Amino acid sequence: MTVTHRLQAPLRRADLEPLQAGDLVLFSGTVYTARDAAHKRLVEAIDQGDPLPMDLNGQIIYYVGPTPARPERVIGAAGPTTSYRMDAYTEALLKLGLKVMIGKGRRSEEVKKAMIEYGAVYLAAVGGAGALLSLAIKSVEVIAYPDLGPEAVRKLTVEDFPATVINDLAGRDLYEEGKKRYKKGNKQ
Amino acid sequence: MREIEADLIRQTIKNLFLQANFVLSPDVIKAFEKAKDAEESPVGRDIFKRLLENAALAKEHRIPICQDTGLAIIFVELGREVHVKGGELAASLEEGVRQAYDEGYLRKSVCHPLTRKNTADNTPAIVHVEVVPGDRLKLVAMPKGGGSENMSRLFMLTPSAGWAGVKEKVVQTVEEAGPNPCPPIIVGVVLGGSFELAAREVKKVLLRPIGQPNPDPEAAALEAELLEAVNNTGIGPQGLGGRITALAVNLKIMPCHIASLPLAVNIQCHASRHAEAVL
Ligand code: SF4
């Protein structure tokens, strides 16, 4: 049976300790969005000592570039984008207290190490389920970089947004474990 | 000469991109249905259920299946007896794409490679035109996501690498991609041709419906062998571990230079979106 947790930002390391690779988390409350271009700007701001559009301490970032909302909806399709492209920028954000990242796909060894060091976890939402995931998003506000269009930073309010723990605080990695469990030898 | 109005072409390509983004084709739905029982991993089975739910929701509410509504790739088969009236073929296709992405609330995902400035209307489209006999015009719209495209590879192997070398590279490409291209995937493989031909044809090979093997029995056997090898990686749905990493391997074999063995591996995600019309 899959273990299910419920979490809401702001989060501390202690809140993340019970999470194990393979567990399901239902997030509620505030989640920030940022993908490639927004990460670049956030880290440039940090490097220049400029203030960030949001306080990252204890927060959650979801790697997503949604489709525009139809007039009757709050957001369009909103599934995760591939996370490794954010790897180069991640440690700088972890240093500021970022606690949870949601995306899809593997992280680099450096990011995995940094997550353990700074007490953060990485989860995956179902990639390519953009319509389904959008239902858990209840409100959306663009808070920075509107010129980036789909890549602008948004503040989402979510309710029971589902994601699976990939990298937990103990250093486990669900991608590696899952693959090993089902691997079969190939004949040459 | 048969005349086709440029405006009809614009309208048709617009509708095709809308349809492709909102309605997952029946062959993919059927493959999900089968996989949700066949997958050994319980987490994997659950993912197939969610993908089916996602497809149903997308269709009902006209929300894109995936937020990456892709580069607009278009394959055109232009009958040589067709005359496009009242405008240019290329301009009509671009305008159709622009309108689909604007009016359909699709994401604009095209930018300058260095400045990363968004072109804001999802153009230019990537158009491949082939002149064929007859008086028909066939249009295929294929919105292609970046996540799976980034995991695709082109290899110029040495002929001595042979089948074993080809198989190794295909499996390696899938292994390196791992969870990134949103498995379950469809693996397009083209063996032969030239550097650019292999890359172009492999995109077309992805249009072949899941479950329809290569008509040549020898190629079909090689496809089956590659599918087994890819699924033995254990990557599974979403990379969380499982038996079904790929729903299909579609292979095409073409003659090549005596010194070469080109191999193109194009990864398509489960959001395998394409729609076509014949005018
Ligand atoms: S790889 Fe495909 S399913 Fe996944 S996010 Fe990209 S377009 Fe969507």
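Residues numbered from 1 in each chain as written. Chains lettered and ligands numbered in written order. Predicted model: local features only at pLDDT ≥ 70, side-chain atom pairs only at ≥ 80, totals over all residues. Heavy atoms only, no water.

Caption draft 1: The overall build of chain A, seen in detail. A tally of helices and strands in chain A yields six helices and seven strands. Ordered by position from the N terminus, the helices and strands of chain A form the series β-α-β-α-β-α-β-α-β-α-β-β-α. Computed over its C-alpha atoms, the radius of gyration of chain A comes to 16 Å, within 12% of the 16 Å expected for a compact globule of 188 residues. Evaluated residue by residue, chain A yields a buried proportion of 59% over its 188 residues. The contacts in chain A between residues at least 6 apart in sequence include a share of 63% that link residues at least 24 apart. For chain A, the exposed surface amounts to about 8000 Å²; the carbon and sulfur share of it is 49%. (Helix = DSSP H or I, 4+ residues; strand = E, 2+ residues; numbered from the N terminus. Rg over C-alpha atoms; globule rule 2.2 N^0.38 Å. Buried < 20%, exposed > 50% of the residue type's maximum accessible area, 1.4 Å probe, protein only. Contact = heavy atoms within 4.5 Å. Areas by Shrake-Rupley, 256 points an atom, 1.4 Å probe, with all protein chains shown as cover.)

Caption draft 2: Structural detail: the interface of chain B and chain A. Taken together, the contacts link 51 residues of chain B with 43 residues of chain A. For the pair chain B and chain A, the summed buried area comes to about 3700 Å², and 54% of that belongs to carbon and sulfur atoms. On the surface where chain B and chain A come into contact, there are two salt bridges. With a shortest N-O distance of 3.5 Å, Glu175 of chain B and Lys183 of chain A are connected by a salt bridge. (Buried area = accessible area lost by both parts, 1.4 Å probe. Salt bridge = Lys/Arg side-chain N within 4 Å of Asp/Glu carboxyl O.)

Caption draft 3: Representation of a nonpolar patch on the surface within the structure. Together, Val127, Val129 and Val131 of chain B line one region of the surface with nonpolar side chains, adding up to about 230 Å² of accessible area. In this structure, Val129 of chain B sits in strand β4 (residues 126–132). (Patch = residues over 30% accessible without salt bridge, like charges linked within 9 Å, V, L, I, M, F, W, Y side chains within 5 Å.)

Caption draft 4: Focus on the site of the ligand. The ligand sits among 13 residues. The nearest are Gly128 of chain A together with Cys66, Cys182, Cys269 and Arg273 of chain B. Taken together, the residues near the ligand originate from chains A and B. Split into classes, the residues belonging to the shell around the ligand amount to five nonpolar, five polar and three charged. Structurally, the shell around the ligand is a two-domain feature, drawing no fewer than three residues from each of domain 1 (2–20 + 65–144) and domain 2 (147–271) of chain B. (Near = heavy atom within 4 Å. Nonpolar A, V, L, I, M, F, W, Y, C, P; charged D, E, K, R; others polar. Domains from an automatic or database assignment.)

Caption draft 5: Structural detail: the sheet that holds strand β10 (residues 275–278) of chain B. Residues and elements named next belong to chain B. Taken together, four strands build an open sheet; the order of strands is β4-β2-β5-β10 and the sheet is mixed. The open sheet has two edge strands, β4 and β10, and neither has a second partner. Put simply, the sheet's adjacent strands are angled 10 degrees from each other on average, direction ignored. As defined by bridge partners, strand β2 (residues 71–79) adjoins strand β5 (residues 137–144) across eight bridges and the pair is classed as antiparallel. Bridged to Phe75 within β5 is Val140. (Pairing = 2+ DSSP bridges. Axes fitted to C-alpha atoms, helices over the stretch in contact; angles between N-to-C directions.)

Caption draft 6: The domain arrangement of chain B, seen in detail. Residue and element names in this part refer to chain B. According to the domain assignment, chain B contains domain 1 (2–20 + 65–144) and domain 2 (147–271). A C-alpha centroid distance of 26 Å is found between domain 1 and domain 2. Run the count over domain 1 and domain 2 and you get two salt bridges. With a shortest N-O distance of 3.2 Å, Glu130 and Lys204 are connected by a salt bridge. For the pair domain 1 and domain 2, the interface holds four residue pairs in polar contact (both at pLDDT 80 or more). Elements with a contribution of two residues or more to the side of domain 1 that touches domain 2: β2, β4 and β5. For the side of domain 1 that touches domain 2, the element with the highest residue contribution is β5, accounting for three residues. Considering only residue class, the side of domain 1 that touches domain 2 consists of six nonpolar, one polar and three charged. (Polar contact = N/O pair within 3.5 Å; in protein donor to acceptor, adjacent residues only side chain to side chain.)

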